[in-house]
Amino acid sequence: MTNLLFIPSLVTKMLPTDYVGFTFFVGCMAMMAASAFFFLSLNQFDKKWRTSVLVSGLITFIAAVHYFYMKEYWAVIGESPTFFRYVDWILTVPLMCVEFYLILKVAGAKSDLLWKMIGLSIVMLVTGYLGETVYADNAALWGGISGLAYFVIVYEIWFGNASKLAATAGGDVLAAHKILCWFVLVGWAIYPLGYMLGTDGWYTSILGKGSVDVAYNIADAINKIGFGLVIYSLAVKSQKD
Ligand SMILES: *C/C=C(C)/C=C/C=C(C)/C=C/C1=C(C)CCCC1(C)C
């Protein structure tokens with residue numbers, strides 16, 4: 001069985017009715033295209049913005065590699081690639097925290113803001129992983145703890161230290177920060193929804209069951225590529241002023 005993992009499967013069969021597999025495939029392509037876009041645009045930016053756009057590209061590139069594995073995993077094994085999913089997130093979500101930190105650095109953001117956000121996102125992801133795998137019988141409890149960490153992140157960027165720094169920075173940075181805040185509030189909220197569709201808990205009688213992978217794949221495309229584009233346009237704009 002484990003040998004299946006090593007089949008060089010560039011041409012795994014995909015059924016026309018496999019809409020989950022379709023979203024994995026499209027997700028993979030979208031992440032690759034976005035990475036090429038961000039990386040190839042790097043030269044047009046001066047030093048101040050290059051790191052931010054580079055991080056945007058790293059986020060979509062790390063996701064592209066994971067999607068390449070995940071689409072195969074889905075096609076060959078036919079189960080949710082939960083492990084790869086969370087490895088992807090544990091690398092890319094902290095990098096999104098780095099994006100917040102980098103754009104707020106102009107207003108004097110300190111590294112403790114960065115570590116606080118990275119710490120919260122790791123708590124959010126580790127507890128979510130436990131709830132989907134090891135402690136699936138208590139998925140609602142672990143998802144709830146994860147949700148608390150998520151709310152603290154939302155609070156921090158909307159009303160906490162990060163929002164004050166954004167106000168101090170003003171102009172294009174403030175505008176970009178606001179859009180990223182909406183991504184975290186609305187775009188990231190798709191993840192707990194997917195989690196509830198894929199696990200059993202008090203919510204199951206209300207929501208029913210659905211494809212956790214479709215929800216996560218849509219959310220990843222919106223959040224990783226959208227987030228990167230906000231940073232990209234911030235860099236373009238502030239280079240013009
Ligand atoms: C690129 C990947 C991103 C932005 C992933 C974000 C993931 C989340 C915001 C996950 C949140 C969760 C909850 C708030 C509760 C249930 C468990 C999670 C991990 C799905």
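Whatever comes next refers back to the structure up there.
Computed from a prediction, not measured in an experiment: that's the story for all the values here.

### Details of the pattern of salt bridges
Alright, step 1. Summed over all chains, the structure comprises 6 salt bridges.
Alright, step 2. Measuring nitrogen to oxygen at the nearest pair gives 2.8 Å for the salt bridge that ties E156 to K116. Separated by 40 residues along the polypeptide, E156 in helix 5 (residues 139–158) and K116 in helix 4 (residues 111–132) bring together distant segments of the chain.
Alright, step 3. According to the relative accessible area criterion, K116 is partly exposed, its value standing at 42%.
Alright, step 4. In this structure, K209 and D200 form a salt bridge, with 3.2 Å as the shortest nitrogen-oxygen distance.
Alright, step 5. Of the residues examined, K209 reaches a relative accessible area of 49% and is grouped as partly exposed.

### Let's talk about the side chain of H66
Alright, step 1. Within the fold, H66 resides in helix 2 (residues 47–77).
Alright, step 2. Look at H66 and you get buried, because its relative accessible area is 10%.
Alright, step 3. Residues in contact with H66, not counting those within four places in the same chain, are F84, V87, D88 and L91.

Cut-offs and rules
- Residues numbered from 1 in each chain as written.
- Predicted model: local features only at pLDDT ≥ 70, side-chain atom pairs only at ≥ 80, totals over all residues.
- Heavy atoms only, no water.
- Salt bridge = Lys/Arg side-chain N within 4 Å of Asp/Glu carboxyl O.
- Helix = DSSP H or I, 4+ residues; strand = E, 2+ residues; numbered from the N terminus.
- Buried < 20%, exposed > 50% of the residue type's maximum accessible area, 1.4 Å probe, protein only.
- Contact = heavy atoms within 4.5 Å.

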